Structure formats: structure tokens, C-alpha cells
Amino acid sequence: MVNAIARDEKFGKKIGFDLDGVIVDHTKAKISFLKDHGFVLSEKEVQGDIIEKLIPEEVGHAMKQFLYDDSHGSLLSPLTYGAEEVLHEVHESHVPYFLISRRKNPEAAIKLLKARGIWPMYFNESNTFFVLSKEDKNMKAKELEISHYIDDEPSVLDKLIDIEHRFLFDPRGAFTLLQEYRRIESWPEFTKVVLV
Ligand SMILES: [Mg+2]
């Protein structure tokens, strides 16, 4: 254990997680909301950076309000498959880790994480940060000296210019043609690539 800590400090590895689409999976809630509003989209089509091109802006706003602010909607989504296990492993590894989210309503986000059993066990006030823009995310990640960041939106990774290792979480294979970032299709894959 001591050796593991010394090794991690030596290499200065610090992991940053995005929340929506990475720790929390809104795929089913998005599909169902959109169906109720007259749009039939697939699992791949409702992923961030893709969905915006397929639905009117006002529908996108209404969907986000439902997912992030509505007292019922904001508590619907499950954790992504394997998220709890990877958080456990990262926690046990003693590699410092953080959550940086652009949620505008942190209270609703924290309420969901509490309901899913990962707040305050894995994420809490000491390692969770809410920022406004994609650029702010880069600033915060740089300030925290994060070395590895995982996000589900290529447009966010594009802004994380000060992070050495950027990973695209893509469990539904929505970005198979994308070359810019290392795609991660499952949490066990992330563990294998980052925690070694
Ligand atoms: Mg996201």
C-alpha cells in the first residue's frame, strides 16, 4: 500500500470525472422524454454533442430542465454500468480523484448522487466542483492538477487543453469514427488503461 501511494505521488496521477453521461446515464430518460414530445431517437442519437443537432433548441432546453431541475425527472437516471465499481477501485487505489460538472443546479445533482449511494462515500464537498462553461472546466481541472480526465462529449475534451490525458467515455459507440481521443467503452476498460 505504501509503495502504491509513493508510486502514484511520484507520477502525480490525478483523475477527473464528468458527471452527466459519465457517472450518471440519462439515455433512457432522454429517449422517454423525447418520445413524449414527438421525437423518436436511438440510444446513440441521444448522446451529448449528437442530440443537439437532431432536436430543436427549445426541446433541448426543456429536456435539460426535466433531467437537471425537475423534482421527479432529476432523480430518474441510474449510474452508468460499472460506475460504482470503478469509483470503489479508484478510491482504494489512493489516486486522488475529482468530479467537475457544469450542472447549474448542484443541489439536484447532489440529491441524485445521494440517492444512488455514491455521495458522500466517493464524491463529496472536498472533491466535487461545479463550473459554468467548458473553458471553466479546463481552468478547474488545471488548478486541481488533473492528469487524466474522462468526459462523454468531444466538444468538452476539445476545451481541456491543459489536461495531458483526455478520454472519451462512449459506452454506446456513438463516436466510433472519432480519432482525436482515446475512446473508453466500459469502466473495466478505463480501470485497465488508467489504474495500471
Ligand atoms: Mg457529460
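Residues numbered from 1 in each chain as written. Predicted model: local features only at pLDDT ≥ 70, side-chain atom pairs only at ≥ 80, totals over all residues. Heavy atoms only, no water.

Draft legend 1. Highlighting the coordination of the magnesium ion. Within the protein, the magnesium ion binds to Asp 18 (OD), Asp 20 (O) and Asp 152 (OD); these donor distances fall in the range 2.1 to 2.2 Å. Each donor residue of the magnesium ion lies on one chain, and together they are spaced D-x1-D-x131-D. Of this pair, Asp 20 sits in the loop between strand S1 (15–17) and helix H2 (27–36) while Asp 152 is found in the loop between strand S4 (148–151) and helix H7 (154–157), placing the two residues 132 residues apart along the sequence. Taken individually, Asp 20 and Asp 152 each receive the classification buried, so the pair is uniform in this respect. (Donors = N, O, S within 2.8 Å, 3.2 Å for Na, K, Ca; no water. Helix = DSSP H or I, 4+ residues; strand = E, 2+ residues; numbered from the N terminus. Buried < 20%, exposed > 50% of the residue type's maximum accessible area, 1.4 Å probe, protein only.)

Draft legend 2. Representation of the nonpolar core in the model. One finds Phe 17, Ile 23, Trp 187 and Phe 190 to be the most contacted residues of the largest nonpolar core, which totals 30 residues. In contact with Ile 23, other than residues within four places in its own chain, are Phe 17, Asp 18, Pro 78, Leu 79, Thr 80, Ala 83, Leu 87, Leu 99, Ile 118, Phe 123 and Trp 187. The next biggest cluster of nonpolar side chains, apart from the first, holds 16 residues, and it includes Phe 98, Ile 100, Ala 141 and Phe 175. (Core = buried A, V, L, I, M, F, W, Y, C linked by side-chain atoms within 4.5 Å. Contact = heavy atoms within 4.5 Å.)

Draft legend 3. The pattern of salt bridges, seen in detail. Inspection of every chain in the model, using the stated rule, returns 13 salt bridges. Across the pair Asp 18 and Lys 137 runs a salt bridge, and its minimum N-O distance is 3.0 Å. Of this pair, Asp 18 sits in the loop between S1 and H2 while Lys 137 sits in helix H6 (residues 134–143), and the two are 119 residues apart along the sequence. Note on Lys 137: relative accessible area 1%, which makes it buried. The closest approach of N and O atoms between Lys 28 and Glu 43, which form a salt bridge, is 3.8 Å. (Salt bridge = Lys/Arg side-chain N within 4 Å of Asp/Glu carboxyl O.)

Draft legend 4. View of the side chain of Asn 138. Relative to the helices and strands, Asn 138 is located in helix H6. Assessed through its relative accessible area of 5%, Asn 138 is described here as buried. A distance of 2.8 Å separates a polar atom in the side chain of Asn 138 from a polar atom in the side chain of Asp 162. Leaving out residues up to four positions away in the same chain, Asn 138 has contacts with Lys 159, Leu 160, Ile 161, Asp 162 and Ile 163. (Polar contact = N/O pair within 3.5 Å; in protein donor to acceptor, adjacent residues only side chain to side chain.)

Draft legend 5. Up close: the packing of aromatic side chains. Taken as a whole and assessed by the stated rule, the structure comprises 10 aromatic pairs. Relative to Phe 190, the ring of Phe 167 has its centre 6.0 Å away and its plane inclined at 85°; by these criteria the two rings are edge-to-face. In this pair, Phe 167 is assigned in strand S5 (residues 165–169) and Phe 190 in helix H8 (residues 187–194), connecting sequence segments 23 residues apart. The pair formed by Phe 167 and Phe 190 is uniform in burial state, with each residue classed as buried. Arranged with centres 5.3 Å apart and planes meeting at 90°, the rings of Trp 187 and Phe 190 form a pair that is edge-to-face. Taken together, the positions of Trp 187 and Phe 190, both in helix H8 and three residues apart, correspond to about one turn of that helix. (Phe/Tyr/Trp six-rings, centres within 6.5 Å; stacked < 30°, edge-to-face > 60°.)

Draft legend 6. Seen up close, the sheet that holds S4. Read from one edge to the other, the open sheet built from six strands follows the order S3-S2-S1-S4-S5-S6, with strand pairing classed as parallel. Two strands lie at the open edges of the sheet, namely strand S3 (128–130) and strand S6 (182–184), each paired on one side alone. Across the sheet, the axes of successive neighbouring strands diverge by a mean angle of 25°, strand direction being ignored. Sheet analysis places S4 next to S5, joined by four bridges and oriented parallel. Counted as the bridge partner of Ile 150 is Phe 167 from S5. (Pairing = 2+ DSSP bridges. Axes fitted to C-alpha atoms, helices over the stretch in contact; angles between N-to-C directions.)

Draft legend 7. Local environment of the domain arrangement of the protein. If you check the domain split of the protein, you get domain 1 (2–24 + 78–194) and domain 2 (27–75). Relative placement of domain 1 and domain 2: their C-alpha centres are 22 Å apart. Listed per partner, the contact involves 16 residues of domain 1 and 13 residues of domain 2. Counting the surface lost from both domain 1 and domain 2, the interface buries some 1200 Å², and carbon and sulfur atoms represent 51% of this. Among the residues of domain 1 in contact with domain 2, Arg 103, Arg 172 and Ala 174 are the three that bury the most area, contributing 39% of the side total. At the junction of domain 1 with domain 2, the criterion picks out one salt bridge. A salt bridge links Glu 43 to Arg 172; the shortest N-O distance between them is 3.0 Å. (Domains from an automatic or database assignment. Buried area = accessible area lost by both parts, 1.4 Å probe.)

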